[in-house]
Every structure is written in C-alpha cells, then in structure tokens.
Amino acid sequence: MRVLTVGNLYPPHHFGGYEQVWRSAVRHLRANGHTARVLATDWRLDGVADGDEPDVHRELRWYWAGHDFPRIPLAQRPPIERHNAHVLARHLDELEPDVVSFWSMGGMSHSLIERVRRRGLPMVAFVHDQWLDYGRSFDQWMRLFHAPRRRLAARAVDRLTGIPTRVDYAGAGRYVFVSDFVRRRALKLPEPVRDTAVAHSGIDPALVGPLPPEHDWSWRLLYVGRIHHDKGIHESVDALAHLPGEATLTFAGKWDERDEDALVERARGLGVESRVTMLGQRSPAEVAELMRAHDALLFPVLWEEPWGLVPIEAMAQGLPVVATGRGGGGEYMRDGENCLIVPARDPEAIARAVERLAADPELRRTLRAGGERTAPLHTETVFNEQVEGHLLEVAGHAWEPVAA
C-alpha cells in the first residue's frame, strides 16, 4: 500500500504529541512493508536539523507564524493556495498513492482535503484535536467564504481561480478521532462528517513494564507538556503557594517564550520562584526518568483536552496523577482508581489532592496499581495497528491486524 501522509508539523520540528504520533504511525507502516511519504510545512525550529528520515518533504506553506495565526494580507493568500496545490499535485502524481491520510491541519490549507476528494482518492483523516472546527477559521482563504451569503461568490471564485473555496468534509472520506469526546464535538458542527471511528493514541510500549520501586514522599511535583495557560500551568504554580515550603515544581516542556516568561513572573509574584525549575524540552527518555524521580504529576488542564498522553506515560512509570480529567482524558481517568480528579481553575483543590497523596501511602499504591492496569491499554502499537487497518480498509485492501 502506498500512503501519502499530510499535516503541518513533523518531527523533529514539532511541539506536541500529535506530531510524534504521526511519526510513529509512519514508522509502523514502513516496518510492515508499506510506502509512506510525509508532506509537511516548511516551518523549522531554529538550530534543529531535519534529520535523516527518508521520504519526508517539508514544502507546504501555512497560515501560522511566531506561535500565532497572524492576519495574512488578502493578496498573499491565493499564492499560498496555489503553491500548496502545486506541491500536493506533484506528490500525488509521483507517488500515485492508494490512500491519502491527513493529520494535524490547524492553520493549513483545507483546500488540500477538497483537492484529494475531487481527485476521487480514498482519504482518512486522523483527528487529534478540534481542527475540523477551528481549522476552518485559521485557514485564511476558506474563512473568506464561510458566511452563507457568500456561497454564490464562492462558486464563482472557485471557477475563476481554480482554488476551492469550500470543502465537502462529509464526502471526503473517513475521520478517525483520538477520542469519542472529539468525535462527538465534530458531529455537532454545521457540516458534520459521516464516516467516523475512534482510535486512541498511545505511548511508547517500551515505557510499559514492571513499575519502578516505590520511594519515600519528597514533595517533588512535575508538569510535563506544552507551556501554555490552557494547560493549567498558572494553577500549578498557584497550588505550590498553598503547599509546604519544601514542595517543588519542575516544568519540562517548551512553547512560546512569552508564556514561559509569564509563568516565571507569576512564580516570582507568589514568592515561590526558587521552588520552580524550568527545564525546557526534554527527550522521551529524560521525561521517563523525571517521572520516576518525582512524587506526583500535575495535569490540571483548563481546556477540554482531546486525549492526553502525558498522564498515561506517568501511569506507566508509577507516578500518581492529579488532573482535571476534562475532555477526552475523562475516558481513561478514574478518580481514586488511577488518578485524583480536581476541579479546573482551583489551585487550592490541587494542593489538597497533593496533600492527600503526601499523607496516604496506601492511596499512592492504589493509584500506582490502577495506572499500571491502564497504561498497557493505550500504546503506540495498539494505535498504529488501527491506523494501518483504517488505511487498508479505505484503500480497498484486506486487513489482518499485526500481532503486538
């Protein structure tokens, strides 16, 4: 099977788990004898080499810059669309894929989806956030024609320029969502998709195994992930101010320097700056080691998280989790069984949960045991086999799942 995979960021030029899940799926496909080509944007992290992974093409342009979606002048939008159309057409002609798969499409030209549909090619989109919703607005070409009163103009522009102004999402193919939560949200959109499925993304199976030995409580708290206020980073620092002076909080992750600066300033204002450590981005192996060395993971997201792999990684390392359980994470988080659930935007509740863990070794053992049961259910192997299966099915091939 030949597969063209398309999205915005592909490792090592990435920030979050979505892109790493994409890379893992590509590697799985190749290991099972399929041809998988990657088509991503030309955006790169400063000072980071592309690496030597074969058949990765960073050629697309998108509507994102400087950690934001700035307004692009109207005259610049058609050239972006034409460039992306040319790039896509060239790869479709060269590869002649049996199926096209889309990954993260936030800030991307959604006309790429429509162009694949108009070619009559099988398509599967693996949707791990709400890009079917917000992506339509951040695509600055398509957003010009969102209003119903502009439909006649949209058809005329489409005919005159050859640039699609609307996407028939429902007719484009199959949409596989990372959680039922994300799927349900997508089904409520004005133009809902029809052919849907759910496949939970997972962690590296190498992380799953016997738990590391228990250690004495030392008030070492950990946050792992994107440094952004929607992730509950401010509430994590605020909670520290309600805990004993020996409590510390380590942040492992990177995003916009403005968010990092605001976080440090908040800690300084609360008088806990000396108890906060900012490590920046860390490798998966380093993150696993951090999880083994700390006492609890804080995951107090404010937004409705599509799924959330970090808590599962923590569970695999025997690290108790304190989380809000919002969004898709609620599909595997069980209060008092594999984590402690706290209300969103409530630093004092976070602090109380941490104090419960500190005072109750038996509770910590219960959560460790629950996490040990949960983690093996959500691995990359399980997810990647489902990815392969959906692609084969939509492409019209027989599917025999590969043994884990």
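What this report covers is the structure whose coordinates are included nearby. Keep in mind that this is a model prediction, so the values were computed, not measured. (Residues numbered from 1 in each chain as written. Predicted model: local features only at pLDDT ≥ 70, side-chain atom pairs only at ≥ 80, totals over all residues. Heavy atoms only, no water.)

Brief notes about the overall build of the protein
Move 1: When helices and strands are counted, the protein shows 14 helices and 13 strands.
Move 2: In terms of overall size, the protein behaves like a compact globule, its C-alpha atoms giving a radius of gyration of 22 Å where 404 residues would be expected to give roughly 22 Å.
Move 3: Taken along its principal axes, the extent of the C-alpha atoms in the protein is 70 × 50 × 40 Å.
Move 4: Taking all 404 residues of the protein together, 53% fall into the buried category.
Move 5: Pairs at least 24 apart in sequence give 69% of the contacts found in the protein among residues at least 6 apart.
Move 6: For the protein, the exposed surface amounts to about 17,200 Å²; the carbon and sulfur share of it is 49%.
Move 7: Taken as two groups, the 49 positive and 57 negative side-chain charges of the protein have centres that lie 7 Å from each other. (Helix = DSSP H or I, 4+ residues; strand = E, 2+ residues; numbered from the N terminus. Rg over C-alpha atoms; globule rule 2.2 N^0.38 Å. Buried < 20%, exposed > 50% of the residue type's maximum accessible area, 1.4 Å probe, protein only. Contact = heavy atoms within 4.5 Å. Areas by Shrake-Rupley, 256 points an atom, 1.4 Å probe, with all protein chains shown as cover. Lys, Arg positive; Asp, Glu negative; His and termini not counted. Charge placed at Lys NZ, Arg CZ, Asp CG, Glu CD.)

Quick look at the sheet that holds strand β6 (residues 174–177)
Move 1: Taken together, the 7 strands give an open sheet; going across it, the order is β3-β2-β1-β4-β5-β6-β7, and neighbouring strands pair in parallel fashion. Here the strands that pair on one side only, and so sit at the sheet edges, are β3 (56–60) and β7 (195–198). Strand-to-strand twist in this sheet, taken as the mean axis angle between neighbours without regard to direction, amounts to 25 degrees.
Move 2: The pairing of strand β5 (residues 123–127) with β6 spans 4 bridges and is classified as parallel. Across the sheet, Val127 pairs through a bridge with Phe177, a residue of β6.
Move 3: The strands that helix α3 (residues 111–118) touches are β1 (2–6), β3, β4 (99–102), β5 and β6; relative to β4, the one it contacts most, it runs at about 165 degrees.
Move 4: In the packing of helix α4 (residues 131–138) onto the sheet, the strands contacted are β5 and β6, and the crossing angle to β5 comes to about 100 degrees. (Pairing = 2+ DSSP bridges. Axes fitted to C-alpha atoms, helices over the stretch in contact; angles between N-to-C directions.)

So, the environment of Glu388
Move 1: When you line up the elements, Glu388 lands in helix α14 (residues 380–395).
Move 2: On a C-alpha basis, the gap between Glu388 and Gly327 in space is 26 Å, while along the polypeptide they are 61 residues apart.
Move 3: Reaching out from Glu388, the side chain makes a polar contact with the side chain of Asn32 at a distance of 3.3 Å. (Polar contact = N/O pair within 3.5 Å; in protein donor to acceptor, adjacent residues only side chain to side chain.)

What to know about the nonpolar core
Here is a general trend for soluble globular proteins: nonpolar side chains tend to be buried in one another's company.
Move 1: The biggest cluster of nonpolar side chains holds 86 residues, and the ones touching the most others in it are Phe102, Trp103, Ile113, Leu132, Tyr175, Leu297 and Leu391.
Move 2: With 6 residues, helix α1 (residues 17–31) is the largest single contributor of residues to this core.
Move 3: Judged by nonpolar contacts, the second largest core, of 30 residues, contains Ile233, Ala247, Leu340 and Ala351. (Core = buried A, V, L, I, M, F, W, Y, C linked by side-chain atoms within 4.5 Å.)

A few points about the sheet that holds strand β8 (residues 220–224)
Move 1: With parallel pairing, 6 strands are arranged side by side in an open sheet as β10-β9-β8-β11-β12-β13. Looking at the sheet topology across the chains shown, the edges are occupied by β10 (276–280) and β13 (340–341).
Move 2: Direction of pairing for β8 relative to strand β11 (residues 296–299): parallel, over a ladder of 2 bridges. Counterpart to Leu222 in the pairing with β11 is Leu297.

Examining the pairing of β5
Move 1: The element β5 is largely enclosed, with a buried count of 5 among its 5 residues.
Move 2: For β4 and β5, the ladder comprises 3 bridges, and the chain directions are parallel. When the bridges of β5 are listed, Val100 appears paired with Met123.
Move 3: Running through α3, the crossover from β4 to the neighbouring parallel element β5 is right-handed. (Right-handed = clockwise from strand over helix to strand, strands pointing away.)

Section: the packing of helix α8 (residues 233–240) against helix α12 (residues 347–359)
Move 1: Axis separation between α8 and α12 bottoms out at 8 Å; the angle between their running directions is 60 degrees. Compared by their axis directions, α8 and α12 come out oblique. Here the hand of the crossing between α8 and α12 comes out right-handed. Contact with α8, carried on its side by Glu235, Asp238 and Ala239, involves Pro347, Ile350 and Ala351 of α12 and no other residues of that element.
Move 2: Per-class residue counts for the contact of α8 with α12 are 4 nonpolar, no polar and 2 charged. (Parallel < 35°, antiparallel > 145°, perpendicular 65-115°, else oblique. Left-handed = near helix turned anticlockwise from the far one by under 90°. Nonpolar A, V, L, I, M, F, W, Y, C, P; charged D, E, K, R; others polar.)

Points about unusual backbone geometry
Move 1: Cis geometry marks the peptide bond from Pro11 to Pro12, where omega comes out at 10 degrees.
Move 2: You can see Pro12 is positioned in the loop between β1 and α1.
Move 3: A positive phi angle, close to 65 degrees, is found at Trp219, a residue other than glycine.
Move 4: Tracing the backbone through its elements, the reader meets Trp219 in the loop between β7 and β8.
Move 5: For Arg345, which is not a glycine, the phi torsion comes out positive at approximately 60 degrees.
Move 6: Examined against the element boundaries, Arg345 turns out to sit in the loop between β13 and α12.

Examining the pattern of salt bridges
Move 1: Considering all chains together, one arrives at 25 salt bridges under this definition.
Move 2: Across the salt bridge formed by Asp195 and Arg174, the nearest N and O atoms sit 3.2 Å from each other. With a gap of 21 residues between them, Asp195 in strand β7 and Arg174 in strand β6 connect regions that are remote in the sequence.
Move 3: Since its relative accessible area comes to 33%, Asp195 is described here as partly exposed. (Salt bridge = Lys/Arg side-chain N within 4 Å of Asp/Glu carboxyl O.)

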